[in-house]
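# Inside the fold
Residues per chain, in single letters:
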Amino acid sequence: MGLPIGFILGMLLNLAHRGEMQDLEKRDLILNQTVEGIIGEEVYLHCLYTGESTIQFSSWNRLDSAMKAKKMAGYSYINGFFKKDHFDMPSSVTNLTVRVNVTSLDLEGEYMCVFNSEEDETKGQTFLSVIARPDIAITLKEEIMNRSLYHAVTCSASGAKPEAIITWQIAGNSPRDDIFSVTTTRAAHPNGTITSISVLLFPLVLNNESTVTCVVQHPAFTEPKRANIEVDTFDSPVVSMETVLMHEGDFQEVTCKATGGKPHPNITWKLPKQLNNPIQLLQTNITQNNSVISSFRFPTELYEGQNVSCSFGYTFLPFLTTRTVTLPVYSESLKEGQPLPEDVIVVDDNLFIRGPVDLDHGGLYQCRASYRKHIVYLEFTIQVIPKPLLPVTFPPNITVDVAENLNYIRIQCLASDAVPAANVSWILPPEINSTVQSDVTYSNSSYTARSVLTVPACITRKYSIACIVEHPDFMQKQVRQTTLPVCEAPSVTLQWSSEWQSGVALARLECTAETHSPAVLVGISWVAQCHGIDSGSSEFIMSQANFRTSQTGVVQSVARVSVYSLTGCTVSCAVEQEGFEEPVNKSMVIPALGPSSIRVMVAEVENVQIWQAVCEYSGEGLKPNISWIVPDEDAEGQATVEFVYNGTRVEISSTFEFELSMYEGKDLICLVQSQFGQDQRRRIRVPQYSISSVEVLNKTLVHRRSRGQHEHRLELEENLSNQKIVLRANGNAPSYKTACYRSDGSAAHTDGMALVFPSPVSDWDAGLYICHVSYHHHKAKVLLQVDVTSEEKQHFIFITICFTSAAAITLVLIIVSCVLCKCGKSDPSQKKTRMERESLSALMQDPRCSERTLSVQPGNYAELAHFSIVFDAKSTV
C-alpha cells in the first residue's frame with residue numbers, strides 16, 4: 001500500500017506545482033480569454049507582457065488538435081518582426097496586439113501568446129470564436145390548395161453560424177394563427193454553418209395587408225435585418241347574369257360572369273328540379289385574365305318559367321352575392337271549328353256581331369239553310385283587319401352607383417325593368433382616360449341595361465360626367481350627373497440622419513409620401529444639384545420599401561449618399577402620383593463639412609515604463625488611415641487605432657508604443673492618408689534625456705577611490721530614527737527612480753530621492769552604500785560611506801583632538817626654539833641658508849589645508865629630516 005500512496009501524493013504535488021506555474025505564467029500577462037470574430041471582418045488578438053524581464057522572442061502560436069504549436073506572428077531578435085497567413089504584424093516585442101483578417105471558419109481555435117527571455121518563458125491562451133453572417137433571401141409563390149389560392153412566402157437565412165432566428169411581421173405585428181401558418185426547417189452543413197428556412201402560408205381571400213416582413217436575428221447583426229415583399233390583397237369582383245335565346249329557340253343560355261376580382265371567385269349554380277331529367281344540360285366554364293365565366297344551356301320547352309341562380313363566393317368565406325333569373329315563357333294560339341261566339345247571333349237571314357269586333361271573330365264560317373229535306377250550305381270567311389296599336393312599353397328605373405378603389409373608380413349606370421331595353425351612354429371629358437363595359441339582360445319579362453365606367457382613382461381637376469338613358473317612354477333623354485372626386489397632392493416629408501459605411505459618412509435620406517385620396521403613388525426618384533449642375537442618381541445608394549393601408553396610400557424611399565461627395569449640395573426627392581402632371585418635390589441641403597485637425601503628442605505612460613506617441617485626428621465625412629513612420633526603418637510603424645463616430649464627424653486616436661531607448665532624440669511622423677485627399681504628415685521629436693551625476697545634499701567628505709569614483713563620507717546620529725541622506729540628480733529627466741543597496745547586496749530603504757533609516761540607527765547601519773538613480777536606460781550612481789557616532793564619542797574625539805593639538809603645538813615650539821638657538825650661535829657662513837629656513841618655516845605655517853601632509857627633504861638640518869602633523873577632526877556639529 002505504501003507505493004500507491006506515495007504515487008498519489010506525488011501526483012497531487014505535481015498538480016499543485018503546475019497550478020502555481022500557470023499562475024506565474026499568467027501573472028505578467030494581460031489578454032482576453034475569448035475573442036469573437038465575424039467572417040469578412042477584422043478582429044484584434046490582445047496580449048501584453050507586463051513583466052520586467054527583457055524579451056528576446058515573442059510570438060502568437062496556433063494550437064492544433066494534438067496541441068502542437070504553429071507560429072503565426074511575432075518577433076525574433078535575430079530576424080525581427082514576422083507574420084503568416086491572415087495575421088498582421090504585432091505592435092511591439094512586449095505587446096503582441098495583432099490584427100487578424102477573418103476569412104473562414106477554419107481560423108477558429110486556440111491561440112497561445114509566448115514571451116521568452118533569458119530567465120523564463122511566459123505564455124497564455126486565447127480562444128478565437130468565428131461566427132458567420134447569414135445570407136437573407138425572400139421569395140413569393142402561389143399555390144392552389146382545396147380549390148383556393150394561397151400565397152407561400154419563403155424566407156431563408158443561409159450559411160449562418162450560429163443558427164439565425166427567423167420571425168414574421170404583418171403590419172408590425174406577429175401573424176395571426178387562425179389565418180397564417182409558419183413552417184421552419186433547418187439544415188446543417190459540413191463546414192459548421194446552418195441554413196434556416198421559414199415558410200409563411202396564408203389564403204389570399206383572408207389577407208388585407210400588401211406587405212409581409214421577414215425578421216432575421218443573428219449575433220453578427222447589431223440590429224435585426226428586415227426583408228419585405230409585396231403580396232396580393234383581396235378585391236371584390238363585379239358580377240353579372242345574362243340570358244340569351246340560342247339556336248332558333250331550342251336553348252336558353254344563362255351566363256354568370258365575375259370581372260376584376262382578386263382572387264377569382266368560385267361560381268356555383270342552383271338549378272331547377274328538372275335537373276334529374278334524362279336530358280343532359282350543357283355547362284361551360286371559362287377563366288380569362290381578368291374574369292371568370294360560367295354558362296348553362298337549358299332546353300326551352302322543358303324549363304319555361306323556371307328560376308335559375310348562380311352564386312359567387314370563396315371556399316373559406318360565405319357567398320358574396322347571388323344572381324337569379326326566370327327563364328321566359330312562350331305561347332302560341334291555334335284556330336279550330338267551334339260554336340259561334342256568344343256575341344254572334346243569327347236573326348232571320350242575317351248574321352249579327354254585337355261587337356266590338358275582335359280578332360277572335362275572324363275565321364271560317366259555315367251557314368246552313370234548310371227547308372224540310374232540302375239543305376243548302378254556305379261557307380265564307382270573315383277577315384278581321386286589326387286596328388294598329390302602339391306596343392306595350394315600361395320605362396326603366398335609373399340608378400347610379402359609385403365604387404372607389406385604390407387603383408380606380410367604377411361608376412355603374414343601371415336602367416332596369418324596362419320594355420323595351422333602354423339605351424345607356426356617357427358624356428365624358430376627352431382628357432380622362434376611361435373604359436366602358438355595357439350589357440343588357442332579360443329577366444321577368446323586362447330588360448335591364450347596364451353600363452360600367454372605369455376611370456383612374458386620382459383626378460387632379462374637378463370633372464362632372466353624365467349618364468344618358470334613352471327610352472321610348474321618355475319625352476327627352478334622362479341625364480344623371482356625377483362629380484368625380486379630386487385627388488389631393490401627397491404629403492411629402494424628407495428627413496435625414498447620418499451613418500458610416502466602410503469609413504465613409506453617409507447621409508441616410510428618408511422620403512415619405514402619404515396621400516388620403518384614392519390615388520396611386522407611382523414612385524419616388526432622387527436628384528442632387530451641386531453648383532447648378534445635376535449629379536443624377538449615380539451618387540445614390542437606394543433601398544426602397546413601399547406599403548399601403550386600407551385608408552391611406554404610403555410610399556417610402558430610402559437613399560444613402562456620401563456626405564463628402566455632396567457636401568453643400570441640394571438633394572431632392574420627387575414623388576410621382578397618378579393623375580398629376582408634375583411630381584411633388586421636397587429638397588434639403590447636405591450640411592457643409594467643417595475643417596479637420598491633427599494633434600500629435602508624445603509622453604511617458606505612468607507605471608508601465610513605456611512611451612507613447614499619440615496622433616489625434618478630428619474631421620468630417622471620411623475616416624482616414626493613420627500610421628506611423630519611425631526613423632531608420634522603411635516600413636511604417638505599427639500602432640493601435642481607436643475611433644468614435646459622432647454624426648458625420650469621426651474622432652481617431654492612433655497610439656504608437658515604444659521604448660525610450662529606441663527613438664530618444666529622434667523624430668516620429670504621423671501619416672494621415674485620406675481616400676480622396678492628399679497625405680498629411682505631422683512630425684514630433686522624442687525628448688533627449690541624460691543623468692550626468694548624483695549629488696549628496698547632506699554635508700559630506702569626498703574621498704577619491706579607484707577608477708575615478710568618489711566616495712561621500714558622512715555620519716549618522718546613533719539611536720536616532722528617520723534619518724535621511726538626500727540625493728539630487730544632475731540631469732533633465734522629468735522623474736527619477738532611486739534604489740540603494742549595501743555593499744553585501746542587501747536592499748536599503750528609499751523614499752523618493754532619499755536614503756532613509758526609519759529605525760533607530762546603530763553600528764549595524766554603518767558601512768558602504770551604493771545608490772542608483774535611473775530614468776529608463778539612463779543611470780548614475782553614488783557611493784556613500786556611512787559612520788555612526790554619538791555625543792559621548794564626539795566628546796571623546798574632541799578631548800583627544802585638543803590634547804593632540806596641544807602636544808603638537810608644544811613640540812613645534814620646542815623645535816622652533818632649538819632652531820633659533822642654533823641660529824644665534826651660528827657663524828656668518830651659515831647666514832646663507834637662513835632664507836631657506838625661513839621658506840621652510842613659511843611652508844609649515846601655510847593655512848590652506850589642515851589635512852595636507854608636510855614633509856622636508858633631508859639636508860643640513862638633520863633635526864628636521866622628516867615629520868608630519870595631521871589634524872583630523874570629525875564632528876556633526
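Every value quoted in this text rests on a predicted model; they were computed, and no experiment measured them.

### A few points about the side chain of Thr 195
Residue position: Thr 195 is located in strand β15 (residues 194–203). A distance of 3.4 Å separates a polar atom in the side chain of Thr 195 from the backbone nitrogen of Gly 159. Only 2.6 Å separates the side chain of Thr 195 from the side chain of His 189, close enough to count as a polar contact. Those residues in contact with Thr 195 that sit more than four places away from it in its chain are Ala 157, Ser 158, Gly 159, Thr 185, Arg 186, Ala 187 and His 189.

### As for the pattern of salt bridges
Within the structure shown, the criterion is met by 19 salt bridges. Of the charged contacts, one joins Glu 42 and Arg 99 as a salt bridge, the two residues approaching to 3.8 Å between their closest N and O atoms. Placement of Glu 42 in strand β3 (residues 42–45) and of Arg 99 in strand β8 (residues 98–101) is noted, with a sequence separation of 57 residues between them. Assessed through its relative accessible area of 31%, Arg 99 is described here as partly exposed. Here Arg 560 makes a salt bridge to Glu 499, at a shortest N to O gap of 2.5 Å. Taken together, the positions of Arg 560 in strand β41 (residues 553–562) and Glu 499 in strand β36 (residues 491–501) put the pair 61 residues apart, joining distant regions of the chain. Ionic contacts of the salt-bridge type, sharing partners, join the residues Glu 42, Lys 83, Asp 88 and Arg 99 into one network.

### Observations concerning the sheet that holds strand β29 (residues 397–404)
Ordered by their spatial adjacency, 4 strands build an open sheet running β29-β30-β33-β32, and the pairing between neighbours is antiparallel. Edge positions in the open sheet fall to β29 and β32 (435–443), since each of these has one partner strand only. Here the average twist between neighbouring strands, direction ignored, is 15°.

### A short note on the confidence of the model for the protein
Close reading of the predicted structure is inappropriate where its pLDDT is low. Mean pLDDT over the protein: 80, with 81% of residues reaching 70 or higher. Highest mean pLDDT in the protein belongs to strand β16 (residues 211–217) (94); lowest belongs to helix α4 (residues 834–844) (44). With pLDDT under 50 throughout, residues 1–25 is counted as low confidence; its partners more than four residues away or in other chains account for 3 contacts. Ignoring residues within four places in sequence, the model shows residues 829–877, a span with pLDDT below 50, making 45 contacts including any to other chains.

### Some details on the nonpolar core
Among the nonpolar cores identified, the biggest contains 66 residues, and Leu 509, Trp 526, Leu 668, Ile 725 and Leu 784 are the most heavily contacted of them. In terms of nonpolar packing, the next biggest core, distinct from the first, is built from 26 residues, Val 43, Ala 73, Val 93 and Tyr 111 among them.

### Notes on a negative patch on the surface
Side chains of Glu 118, Glu 119, Asp 120 and Glu 121 sit close together on the surface and give a patch of like negative charge. Mapping Glu 118 onto the fold places it in the loop between β9 (109–117) and β10 (121–131).

### Considering the pairing of strand β12 (residues 148–160)
With 10 of 13 residues buried, β12 lies mostly within the body of the structure. Looking at chain direction, strand β11 (residues 135–145) and β12 are connected through 11 bridges and run antiparallel. Counted as the bridge partner of Leu 140 is Val 153 from β12. Sheet analysis places β12 next to β15, joined by 9 bridges and oriented antiparallel. In the sheet register, His 151 faces β15, and the bridge partner there is Phe 202.

### Looking at the environment of Trp 60
With respect to the element layout, Trp 60 can be found in strand β5 (residues 55–63). As a C-alpha pair, Trp 60 and Phe 115 span 55 residues in sequence and 9.3 Å in three-dimensional space.

### Quick look at the packing of aromatic side chains
A ring pair, where both rings are aromatic, is described by two values, the distance of the centres and the angle of the planes. Per the counting criterion, the structure on display carries 18 aromatic pairs. A ring pair is formed by Phe 87 and Tyr 111, whose centres lie 5.7 Å apart and whose planes are at 40°; its orientation type is tilted. Placement of the pair is Phe 87 in the loop between β7 (80–83) and β8 and Tyr 111 in strand β9, with a sequence separation of 24 residues. Since its relative accessible area comes to 1%, Tyr 111 is described here as buried. When the ring centre of Phe 643 is taken as reference, the NZ or CZ atom of Lys 623 above it lies at 4.5 Å. The cationic tip of Arg 742 hangs over the ring face of Trp 764; the distance from NZ or CZ to the ring centre is 4.6 Å.

### Description of the environment of Gln 33
Note that Gln 33 resides in the loop between β1 (29–31) and β2 (34–38). For Gln 33, a relative accessible area of 46% translates into the label partly exposed. Apart from the residues within four sequence positions on either side, Gln 33 is in contact with Gln 125, Thr 126 and Phe 127.

### Some thoughts on the state of the cysteines
This structure, assessed with the given rule, holds 8 disulfides. Here Cys 155 pairs with Cys 214 through a disulfide, and the sulfurs are 2.0 Å apart. One disulfide, between Cys 155 and Cys 214, carries an S-S torsion of -75° and so falls in the left-handed class. Of the two residues, Cys 155 sits in strand β12 while Cys 214 sits in strand β16, which places them 59 residues apart along the sequence.

### Things to note about the sheet that holds strand β54 (residues 710–717)
Note on sheets: strands pair through backbone hydrogen bonds, and any given pair is parallel or antiparallel. A sheet is described by the order of its strands in space; here 6 strands give the open sequence β53-β54-β61-β60-β56-β57, paired in mixed fashion. For this open sheet the edge positions go to β53 (701–704) and β57 (747–748), each flanked by a neighbour on one side alone. Strand direction decides the pairing type here: strand β60 (residues 767–775) and strand β61 (residues 778–789), joined by 9 bridges, are antiparallel. Bridging from a neighbouring strand, Leu 768 pairs with Gln 785 of β61.

Conventions and cut-offs
- Residues numbered from 1 in each chain as written.
- Predicted model: local features only at pLDDT ≥ 70, side-chain atom pairs only at ≥ 80, totals over all residues.
- Heavy atoms only, no water.
- Helix = DSSP H or I, 4+ residues; strand = E, 2+ residues; numbered from the N terminus.
- Polar contact = N/O pair within 3.5 Å; in protein donor to acceptor, adjacent residues only side chain to side chain.
- Contact = heavy atoms within 4.5 Å.
- Salt bridge = Lys/Arg side-chain N within 4 Å of Asp/Glu carboxyl O.
- Buried < 20%, exposed > 50% of the residue type's maximum accessible area, 1.4 Å probe, protein only.
- Pairing = 2+ DSSP bridges.
- Axes fitted to C-alpha atoms, helices over the stretch in contact; angles between N-to-C directions.
- pLDDT = per-residue confidence, 0-100.
- Core = buried A, V, L, I, M, F, W, Y, C linked by side-chain atoms within 4.5 Å.
- Patch = residues over 30% accessible without salt bridge, like charges linked within 9 Å, V, L, I, M, F, W, Y side chains within 5 Å.
- Areas by Shrake-Rupley, 256 points an atom, 1.4 Å probe, with all protein chains shown as cover.
- Lys, Arg positive; Asp, Glu negative; His and termini not counted.
- Charge placed at Lys NZ, Arg CZ, Asp CG, Glu CD.
- Phe/Tyr/Trp six-rings, centres within 6.5 Å; stacked < 30°, edge-to-face > 60°.
- Lys NZ or Arg CZ within 6 Å of the ring centre and 35° of its normal.
- Disulfide = S-S within 2.5 Å.

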